[in-house]
Amino acid sequence: MKLYVIISLWALLTFTHQAPPREKCACELNNSEKAFPHEKLRIVETNVSDCNSNITPQKTVELESLLLGLERRLSQLNKDVQILEKEDDGELYGVLSLYVIENEMTEIKQLIDKLNSTTQQHQILTANATEQLDNLKAEMQELERFDTMQVIKGQQVNSALKADLFKCNKKMNTTVTPTEPPQGTCPRSRLLNVTGPRVYTAGEYPGSYAYGAWGRDPRPEEGKESWYWLVMLTSSNIYAHYVRLYSSLSSLIIGVSVPGNVQIHSSNPTTNTIQGPNNVLYGGALYYNCYNQDYVCRFNLTTKSVTTLQLPKGTRYNSKGNFCHLEECYPYTDLDLATDESGVWVVYTTTQDFGNLVLSKLEEGETPVLGKTWRTSIYKRAVTNTFMACGVLYATRYINREVEEIFYSFNTVTGQEKFNIGIFMNKMSTNIQSLNYSPVDQMLHAYCDSNMVSYKVLFG
């Protein structure tokens, strides 16, 4: 028995020893589909980026601005010709009127030349963009053939379903908006929207002065109804000592300043010259923050005289109460002068109000006088700009490089504050250094990183 077991074990060991070694198994995988053209996709993405950089909102608005300027200039020329026909005595009056018309014709020709040049550039850009888009469309259709899992088609179907669902919900939830009583000091005081930009121009000094303000006089002197004014902070982006005048919008766009500069002082800066960008023109006088003081200055453009008004004790000035957003503050924006249908206002803050916005009405007169004052609960450093319209104060805030939001209002008639206005403005550049409302044509004039931009204000 023992012998049998030993023989069996010996046989097993011998068999195991003699078994051949295992061979390795390898599988070959062949993909019947074509390799995805990653390099072609990269080229398509680069072409799309180039196309986006060539076509910008600025270029579109530039053409609209020129057309708007030409439209207003032709209307003014027509009025001047009518005046000439009435007053022409063949002598002095006729000569003066002809001289005015000759100057206007020169400006119109310059505007048309610039319009023609811009139109030609846009035509070339349009032709190139059309060709690029056709090529991109063909390339994307070819790339879609590699989507064997039908992911793109599924996304397109989902997008269409979402759009249909949104329309359906909108119809189901439609409610009639209750009629609201007029707000503010004029019938059209309920701000509904801000559209545009309507005007976009680099003006006479493209890219030279980042801070400034511009606009129209809400109560112009006779014969100056079509004039525009411009203040550029020519010293350290903080100070200025003159206001520049333009006889029309087209003159502003093509950079022909007539009658030119009206100087406050030969030195810049010095006592009673301009400090900060938030200035306005009203009744032939420029209102602004006086240099190195908590004062409002009033500069009469006709008499060249300056009168001042000291603001309440504790008013923050010299860049201690600025407009801000999360990334930066706008220096020397302590005092914000504003105009509307009723006159001039000043927005500021004081130590007593712990940095919240304070609004005061300036009474008209050769020497400004502080009228009624309102205190708000909005912190000034949470605001980027303010403007007045129909006795209502509006405040903006920075959303991103492309968008600014009008988010806040304070009604001086009812004392009501709102924090949910929710009107968005498309910006042409990152920052808005000043914002002025013009009741003459219901336009909002913005000075943005040396560019002049205007928006149409819509009321209900």
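Anything mentioned here points back to the structure above.
So, here is what we can say about the structure in this document. As the structure is a computational prediction, the values presented were derived from the model and not from experiment. (Residues numbered from 1 in each chain as written. Predicted model: local features only at pLDDT ≥ 70, side-chain atom pairs only at ≥ 80, totals over all residues. Heavy atoms only, no water.)

Read across the sheet, four strands follow the order 1-25-24-23 without closing on themselves; strand pairing throughout is antiparallel. Pairing within the sheet leaves two strands with one partner each, and these edge strands are strand 1 (191–201) and strand 23 (434–438). Geometrically, the sheet is characterised by an average inter-axis angle of 25 degrees between neighbouring strands, direction not taken into account. Judged from the seven bridges that link them, strand 1 and strand 25 (residues 451–459) form a sheet pairing that is antiparallel. Note on strand 25: the bridge partner recorded for Thr195 is Lys456. (Pairing = 2+ DSSP bridges. Helix = DSSP H or I, 4+ residues; strand = E, 2+ residues; numbered from the N terminus. Axes fitted to C-alpha atoms, helices over the stretch in contact; angles between N-to-C directions.)

Before going further, it helps to spend a moment on the environment of Ser429. Position of Ser429 among the secondary structure elements: in the loop between strand 22 (423–426) and strand 23. Other than its neighbours up to four places away in sequence, Ser429 contacts Arg401, Cys448, Asp449 and Asn451. Within the structure, Ser429 has its side chain in polar contact with the side chain of Asp449 (distance 3.4 Å). (Contact = heavy atoms within 4.5 Å. Polar contact = N/O pair within 3.5 Å; in protein donor to acceptor, adjacent residues only side chain to side chain.)

Considering all chains together, one arrives at two disulfides under this definition. At a sulfur-sulfur separation of 2.0 Å, the disulfide partner of Cys290 is Cys297. Measuring the twist about the S-S bond at about 125 degrees, one finds the Cys290-Cys297 disulfide to be right-handed. Across the pair, exposure class does not vary: Cys290 and Cys297 are buried alike. Disulfide pairing is shown between Cys324 and Cys329; the S-S distance is 1.9 Å. Note on the Cys324 and Cys329 pair: the S-S dihedral is about 100 degrees, so by sign convention the disulfide is right-handed. Judged by relative accessible area, Cys324 falls into the buried class, the value being 3%. (Disulfide = S-S within 2.5 Å. Buried < 20%, exposed > 50% of the residue type's maximum accessible area, 1.4 Å probe, protein only.)

With that settled, the discussion passes to the pattern of salt bridges. In total, this model carries eight salt bridges according to the counting rule given. We note a salt bridge from Arg244 to Glu204, for which the minimum N-O separation is 2.8 Å. Of the two residues, Arg244 sits in strand 5 (residues 242–246) while Glu204 sits in the loop between strand 1 and strand 2 (212–215), which places them 40 residues apart along the sequence. Close ionic contact of Asp353 with Arg375 constitutes a salt bridge, the shortest N to O distance being 2.8 Å. Here Asp353 is found in the loop between strand 15 (343–348) and strand 16 (356–363), whereas its partner Arg375 is found in strand 17 (residues 369–379), with 22 residues between them in sequence. (Salt bridge = Lys/Arg side-chain N within 4 Å of Asp/Glu carboxyl O.)

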